[in-house]
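# Inside the fold
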Amino acid sequence: MIYNVASLLTGELGDSEHHEIENERIVLGDRSLNQISGPVRLMRTDATVLVSAEIEAVTQDSCSRCLEPASVNVSVAMDEEFSPINASLMGKTKNRPDEDEYSFDQALIIDEQNFLDLTEGLGQALLSAIPIAPLCMDDCLGICPICTVNRNTIHCSCVKSSVDPRWAGLAGLLEKGAESAD
Ligand SMILES: [Zn+2]
Ligand SMILES: [Zn+2]
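Figured I'd write up the structure that's included with this text. (Residues numbered from 1 in each chain as written. Chains lettered and ligands numbered in written order. Predicted model: local features only at pLDDT ≥ 70, side-chain atom pairs only at ≥ 80, totals over all residues. Heavy atoms only, no water.)

## Re the side chain of T59
Formally: Labels follow the DSSP assignment, with helices taken as runs of H or I lasting at least four residues and strands as runs of E lasting at least two, numbered in each case from the N terminus. What qualifies as a polar contact is a pair of N or O atoms within 3.5 Å, subject to a donor-acceptor requirement within protein and to the restriction that residues adjacent in sequence count only when both atoms come from side chains. In what follows, residue pairs with any heavy atoms lying within 4.5 Å of each other are defined as contacts.
The residue T59 is located in strand β4 (residues 49–62) in this model. In terms of polar contacts, T59 uses its side chain to reach the side chain of R31, at 3.3 Å. Not counting residues within four places of it along the chain, the set of residues in contact with T59 comprises R31, S32, L33, A70, S71, V72, V74 and I130.

Right under this line is the structure:
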């Protein structure tokens, strides 16, 4: 996920390169993003390299219903501009009056050797795309709120008596009402 973009920087406005990420891995803190795959396009703009990527990955999380480990698919469409330290390659002065190099996001820098490293920017984009309530499977049955067993593995008998007994009488009245209204 590191590309040398020297030829893009010295090329023409609109020049582009295509790359393919295949089964890469990024670790950020205690989070591992695996099976990272997808197309990446690098395009030279006036003063930057625009990165457009459609990326899919898999990470491990806990199912929000049953709390068991879950493999979670993450996908992200990334559009970020990377700024070269060697702005002179693009015919730019090093710093415009209103910015110095400390104002750049360090994840979006093209370094002195003209390497564009997608790792951190892509990692952050994938992190923010992880679902808030991941599931181990689409139809996860979750934990029984009454006896707390994992209903994917144990079929408890609590489900049928899930109507609060205090409301059972009211439910009966409502049924009668519905019948007499016919
Ligand atoms: Zn689950
Ligand atoms: Zn139960």
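Having seen the model, we can carry on.
## Details of the coordination of the zinc ion (ligand 2)
Inclusion rule: Distances up to 2.8 Å from the metal define which N, O and S atoms are donors, and 3.2 Å serves for Na, K and Ca; water is absent from the atom set, so sites may look incomplete. Under this scheme a four-donor centre is tetrahedral when all angles range from 85 to 135 degrees, a four-donor centre is square planar and a six-donor centre octahedral when opposite donors are above 155 degrees with the rest from 65 to 115, and any other centre is irregular. Relative accessible area decides the class of each residue, using a 1.4 Å probe on protein chains only: under 20% of the type maximum gives buried, over 50% gives exposed, and in between gives partly exposed.
Bound to the zinc ion (ligand 2) are the protein donor atoms C144 (SG), C147 (SG), C156 (SG) and C158 (SG), situated 2.3 to 2.4 Å from the metal. Because the angles between the four donor atoms bound to the zinc ion (ligand 2) fall within 105 to 112°, the donor set is best described as tetrahedral. Between consecutive donor residues of the zinc ion (ligand 2), the sequence gaps follow C-x2-C-x8-C-x1-C. C144 gets classed as buried once you look at its relative accessible area, which sits at 1%.

## With respect to the pairing of strand β2 (residues 16–28)
Selection rule: Strand pairing follows a simple DSSP-based rule, namely that at least 2 bridges must link the two strands.
Pairing analysis gives 10 bridges linking β2 to strand β3 (residues 31–44), with the strands arranged antiparallel. Looking across to β3, one finds that S16 is bridged to M43.

## A look at the coordination of the zinc ion (ligand 1)
Around the zinc ion (ligand 1), the protein supplies C63 (SG), C66 (SG), C136 (SG) and C140 (SG) as donor atoms, at distances of 2.2 to 2.4 Å. Geometry at the zinc ion (ligand 1) is tetrahedral, judged from the four donor atoms that bind it and their angles of 106 to 113° at the metal. Positions of the donor residues of the zinc ion (ligand 1), expressed as sequence spacing, correspond to C-x2-C-x69-C-x3-C.

## Comments concerning the pattern of salt bridges
For clarity, the threshold we go by: By convention in these notes, a salt bridge is any Lys or Arg side-chain nitrogen within 4 Å of a carboxyl oxygen on Asp or Glu.
Throughout the structure, instances matching the rule amount to one salt bridge. Between D61 and R31 there is a salt bridge whose closest N-O contact spans 3.5 Å. Residue D61 is found in strand β4, and its partner R31 is found in strand β3; the two are separated by 30 residues along the sequence.

## Details of a negative patch on the surface
Our working rule: For patch building, the residue pool is restricted to those with more than 30% relative accessible area and no salt bridge; the joining distance is 9 Å between like charges and 5 Å between nonpolar side chains (Val, Leu, Ile, Met, Phe, Trp, Tyr). In short, Shrake-Rupley with a 1.4 Å probe defines the accessible areas, and a residue's cover is counted only from the protein chains shown. Here the positive residues are Lys and Arg and the negative ones are Asp and Glu; neither His nor the chain ends is included. The atom standing in for a charge is NZ when the residue is Lys, CZ when it is Arg, CG when it is Asp and CD when it is Glu.
The grouping of E54, E56, D79, E80, E81, D105, D117 and E120 at the surface amounts to a negative patch. Listed by contribution, the elements that provide at least two residues to the negative patch are β4 and β5 (69–84). Of all the elements, β5 adds the most residues to the negative patch, at three residues. Positionally, E80 belongs in strand β5.

## Observations concerning helix α2 (residues 119–128)
When α2 is considered as a whole, its buried residues turn out to be G121, L122, G123, A125 and L126. Here the buried face of α2 lies against β2, β3, β4 and β5.

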